[in-house]
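Chain by chain, the residues run as shown.
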Amino acid sequence: MFVCLDCGELFSEPSYWEEDHGLEYGPFEQCSGCPYCGCAYVETFECDCCGEYIVGEYYEIDDMRYCDDCVIHRDISDN
């Protein structure tokens, strides 16, 4: 899955197109973007705890991925 960095939409496949930049002959620039708004996107995956899609930083513990909301940060002195 992918998520758009601009509009936040979630999608399974980006859009692809060629930009000719006003030139008559190629090779032309190959582009890809969000199918909703055409902006930049990143690959995402589900949090193994809550099922929400993760955008940005995450925690990986024993091959499982967790979002910030599912991890409690504690200091050893808090006990």
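Per chain, residue numbering runs from 1 following the sequence as it is written. Local features in a predicted model are, by the rule used here, given only for residues with pLDDT of at least 70; side-chain atom pairs are given and counted only at 80 or more, and totals for whole chains, interfaces and linings are based on all residues. Hydrogen atoms and water are omitted, and side-chain values are computed over all heavy atoms in the structure.

**Examining the sheet that holds strand β1 (residues 2-4)**
Rules: One requirement defines pairing of two strands: DSSP has to find at least two bridges between them. Working definition: helices are DSSP H or I runs of at least four residues, strands are E runs of at least two. Numbering for both runs from the N terminus.
Strand order across the open sheet formed by 3 strands is β2-β1-β5, with antiparallel pairing between neighbours. Among the strands making up the open sheet, the edge pair consists of β2 (10-11) and β5 (41-43). The sheet contact formed by β1 and β2 spans 2 bridges and is antiparallel. Considered in β2, the bridge of phenylalanine 2 is made with phenylalanine 11.

**Focus on the nonpolar core**
Cut-off, in case you're wondering: Definition of nonpolar core: a set of buried residues of the types Ala, Val, Leu, Ile, Met, Phe, Trp, Tyr and Cys, connected through side-chain atoms within 4.5 Å. Only protein chains enter the accessibility calculation, which uses a 1.4 Å probe. A residue is then buried if its area is under 20% of the maximum for its type, exposed if over 50%, and partly exposed in between. When checking whether two residues touch, look at their non-hydrogen atoms; a contact exists if any pair is within 4.5 Å.
If you look at the biggest cluster of nonpolar residues, it comprises 5 residues: Cys47, Ile54, Tyr66, Cys67 and Val71. Beyond its immediate chain neighbours, meaning those up to four positions away, tyrosine 66 contacts Cys47, Cys49, Ile54, Tyr58, Tyr59, Ile61 and Val71.

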